[in-house]
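Survey of secondary and tertiary structure
So you can see what is in the structure, the chains are spelled out below.
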Amino acid sequence: MSDRARETRNDFALAIGFAGVAALAWVLLASVYGEAIAGLAKVATYGAVAAAAWAAVALFYGLHKGRVGWIHSGRRGVVVSSVFILFATFCLLYALTFDWANLDYVWRTSKPGQPFIYKISALWGGMSGSMLFWVSILAACALIMTWKSRHEEDELTSYALGALSVVLLFYAILVAGIIPGIKNPFAFASPDLLAAIAAGRTRGMGMNPLLQTPAMLIHPPNLYAGFVVCTVPYVYALGALASGSGGTEWIKRARRWTIAAWLFLTLGNVIGGAWAYGELGWGGYWGWDPVENAGLLPWLLITAFLHSVIIQEHRNMLKVWNVILISLTFLLVLFGTTLVRSGLLSSIHAFGESQALIVYFVSFLGVNTVVAGAMIAHRWHSLKSMNRFDSLLSREAAFLLNNWVFVVGAVVVFAGTTFPLISKAYYTYIKGIENREIAVTEPYYNTFIVPLGLILLLLTGIGPMISWKKATESNLRRNFQMPTLVGLGAAALSIYPFYRAGAENPDGVPLLKTTYAVLCIFASAFVFATVG
């Protein structure tokens, strides 16, 4: 075993032992000094703000002046802020579990007799708790990132940690309740409510019955984790831009984080669709609700990013495009967070409406847009590659087409999601008509998304089989002749059953839907024959 591996093992064992002893001591203290612990947790949320602010200042000052001591101090600030956040999260979980109804958030989301698993899910069942849970995931990411990079003294990682500390500061301010519109989760209930609790007239409202379902334990945590983990590839991209490391090193460091974010987003969206189908009676798995779309948008772009980085690693191309893609992914995460947290758009998933939160989120979204855009523009020429596409019939061209399909899909969904907001602003400020907007419904999305989905399905079979640089005629014939015949045969066999089904329909054969269905069968059979 190497010295580094032995050091890592010993540090990990020490951390686990310390955490176990601290947890045991905390449980003993909390059972006696509950209110004091709650007050301490509230102080920890403010401590997290101060530590994150110090981390950002120290890291960027140290990098600017070349002061290694400041950089190390900034790294410790990231750790301290993260520990404060995780401590506060543990305190709130304990408070929910044991019904500390004196806390306003606990009173609103938990009560005696509520099943244990829904006391746990109450952590993300309300505005304040879900924001603390959100930032606790980010804190865990910050700790892992700091730990993994403890032997890396390069500017890439230090700039990335500096950017991460800024994002951590943004969310820590929300958790602390500094911005109007969101309470600190450790705020005590009002005096009247405390009196009612003391008199035994109330013990808590409990969580919304619609949220007391097993899906609540899986869907929000996965979606939140997907959103939050997207931050890490983004800050690595900013670190590469700031340090001038325009190669593939930042992609290597961000790869596992990117895959993890994609997996969490995929699980979150799929489970959310199944939940909506069972609970909301939409008659399908996707209702194109604005907040549903907010979860889909980053997934579309991070999926495109996962494909395009392969081209950068193999051909040293698309370096600018990859930075743009991951930056847009993070910006769409902020956009989705704005929709959910501020109530900017009408949705059954929204937490409510707050003008202050809208300003706060939109300001941070704007700052990140300007910073990322300026840094990309500054490094544009150094990121450009001398390599070019040799042929449109190549794997890199297929991957690029795949990217454009995902991006066009994201544009379609973004336009449909924001159009009601744009129309409402038009009627309010131009026409002088209050509370009027134009809704965008399912037919709009299906008009564009279904053809794009068919193209993606077909590319699933083409991309892995076509050659790099330039595909020859023999390569195309060898790889695609038989799959094409299989696809055509499957499509031909499907036409008659669809015709019979349409003949029994009083309205006749739905030509467009039938055409899409036949094309889908062709593409599915084609893909199965190529990669199955």
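Refer to the structure above for everything that follows.
Residues numbered from 1 in each chain as written. Predicted model: local features only at pLDDT ≥ 70, side-chain atom pairs only at ≥ 80, totals over all residues. Heavy atoms only, no water.

1. Here we look at the overall build of the chain
Stated precisely, the cut-off is as follows: To qualify as a helix, a DSSP run of H or I must reach at least 4 residues; to qualify as a strand, a run of E must reach at least 2; elements of each kind are numbered from the N terminus. Categorising residues by exposure relies on relative accessible area from a 1.4 Å probe, with only protein chains included: less than 20% of the type maximum marks a residue as buried, more than 50% marks it as exposed, and the intermediate range marks it as partly exposed.
Counting secondary structure elements, the chain contains 19 helices and 0 strands. Taking all 532 residues of the chain together, 49% fall into the buried category.

2. A look at the packing of aromatic side chains
Keep this limit in mind: Within 6.5 Å between ring centres, the rings of Phe, Tyr and Trp (the latter by its six-membered ring) count as paired, and their orientation is classed by plane angle as stacked under 30 degrees, edge-to-face over 60, tilted in between.
Scanning the entire structure with this criterion turns up 26 aromatic pairs. Clustering of aromatic rings is evident, with ring pairs tying together Trp-124, Phe-133, Trp-134, Phe-170, Tyr-171, Tyr-224, Phe-227, Tyr-360, Phe-361 and Phe-364.

3. Details of the side chain of Thr-146
Definition in use: By the convention used here, residues are in contact when the closest approach between their heavy atoms is within 4.5 Å.
Inspection of the secondary structure assignment puts Thr-146 in helix α6 (residues 127-148). Apart from residues no more than four positions distant in its own chain, Thr-146 is found in contact with Arg-75, Val-78, Val-79 and Leu-161.

4. Some points on a nonpolar patch on the surface
Our working definition: Nonpolar side chains (Val, Leu, Ile, Met, Phe, Trp, Tyr) within 5 Å and like charges within 9 Å form the patches, drawn only from residues with over 30% relative accessible area and no salt bridge. For the area figures, the Shrake-Rupley method with a 1.4 Å probe applies, and any residue is considered shielded solely by the protein chains shown. Definition used for salt bridges: Asp or Glu carboxyl oxygen within 4 Å of a side-chain nitrogen of Lys or Arg.
A contiguous nonpolar surface patch, about 380 Å² in accessible area, is contributed by Met-482, Leu-485, Val-486 and Leu-488. Considering the arrangement of structural elements, one finds Met-482 in helix α18 (residues 473-503).

5. Section: the packing of helix α7 (residues 155-175) against helix α14 (residues 355-378)
What counts, and what does not: As a rule, the C-alpha atoms of each element are fitted with a line to give its axis, helices using only the stretch in contact, and angles between N-to-C directions run from 0 to 180 degrees. By definition in this entry, angles of less than 35 degrees are roughly parallel, angles greater than 145 are roughly antiparallel, angles of 65 to 115 are roughly perpendicular, and the rest are oblique. Lys, Arg, Asp and Glu make up the charged group, whereas Ala, Val, Leu, Ile, Met, Phe, Trp, Tyr, Cys and Pro make up the nonpolar group; the residues left over, Gly among them, are polar.
Contact pair α7 / α14: the axes reach a minimum separation of 12 Å and the direction vectors enclose 180°. In terms of their interaxial angle, α7 and α14 are classed as roughly antiparallel. The segment α7 lies against α14, with Val-166, Val-167, Leu-169, Phe-170, Ile-173 and Leu-174 engaging Leu-357, Tyr-360, Phe-361 and Phe-364. A class-by-class count of the residues in the contact of α7 with α14 yields 10 nonpolar, no polar and no charged.

6. Observations concerning the pattern of salt bridges
Inspection of every chain in the model, using the stated rule, returns 5 salt bridges. Here Lys-119 ties to Asp-99 by a salt bridge, and the two come within 2.6 Å at their closest N and O atoms. With Lys-119 in helix α5 (residues 116-121) and Asp-99 in the loop between α3 (68-97) and α4 (104-109), the pair connects residues that are 20 residues apart, well separated along the chain. Across the pair, exposure class does not vary: Lys-119 and Asp-99 are buried alike.

7. Thoughts on the nonpolar core
So the rule is basically this: Here the nonpolar core consists of buried residues drawn from Ala, Val, Leu, Ile, Met, Phe, Trp, Tyr and Cys, with membership extended through side-chain atoms lying within 4.5 Å.
Counting 127 residues, the largest nonpolar core has Met-145, Tyr-171, Leu-174 and Trp-250 as the members making the most contacts within it. By residue number, the principal contributor to this core is α7, which donates 15 residues. Those residues in contact with Met-145, other than ones at most four positions away along the chain, are Ala-160, Leu-161, Leu-164, Val-232, Val-235, Tyr-236 and Trp-257.

8. Some remarks on the environment of Val-405
Structurally, Val-405 is set in helix α16 (residues 395-430). C-alpha of Val-405 to C-alpha of Gly-453: the two residues are 48 residues apart in sequence and 8.4 Å apart in space. If sequence neighbours within four positions are ignored, Val-405 has contacts with Leu-452, Ile-455 and Leu-456.

9. Concerning the side chain of Thr-157
Relative to the helices and strands, Thr-157 resides in helix α7. Residue contacts for Thr-157: discarding those within four places in its chain leaves Arg-75, Ser-149, Glu-152, Tyr-236 and Arg-253.

10. Observations regarding the packing of helix α10 (residues 231-243) against α14
Selection criterion: A crossing counts as left-handed when the near helix is turned anticlockwise from the far one by less than a right angle, and as right-handed when that turn is clockwise.
Running from N to C, α10 and α14 cross one another at 40°; their axes reach a closest spacing of 9 Å. When the interaxial angle is binned, α10 and α14 end up oblique. Where α10 crosses over α14, the handedness of that crossing is left-handed. Across from Tyr-234, Leu-238, Leu-241 and Ala-242 in α10, the residues of α14 making contact are Asn-368, Ala-372, Met-375 and Ile-376. Residues belonging to the contact of α10 with α14 are distributed by class as follows: 7 nonpolar, 1 polar and no charged.

11. Thoughts on α6
In an α-helix, one turn spans 3.6 residues, which is why side chains three or four residues apart end up on the same side. Keep this limit in mind: Here a helix's expected span is defined as the number of its residues, less one, multiplied by 1.5 Å.
Across its 22 residues, α6 extends 32 Å between first and last C-alpha, which sits within 8% of the 32 Å expected from 1.5 Å per residue. Judged by how many residues are buried, α6 sits mostly within the fold: 17 of 22 residues are covered.

12. Quick look at the environment of Ile-376
Structurally, Ile-376 is set in helix α14. As for Ile-376 and Ala-242, which are separated by 134 residues in sequence, their C-alpha atoms are 9.5 Å apart. Excluding residues within four positions of it along the chain, Ile-376 makes contact with Leu-241, Val-320, Val-323, Ile-324 and Ser-327.

13. Thoughts on helix α9 (residues 219-229)
Counting buried residues in α9 gives 11 out of 11 residues, a clear majority hidden from the surface. Taken together, the buried positions of α9 are occupied by His-219, Pro-220, Pro-221, Asn-222, Leu-223, Tyr-224, Ala-225, Gly-226, Phe-227, Val-228 and Val-229.

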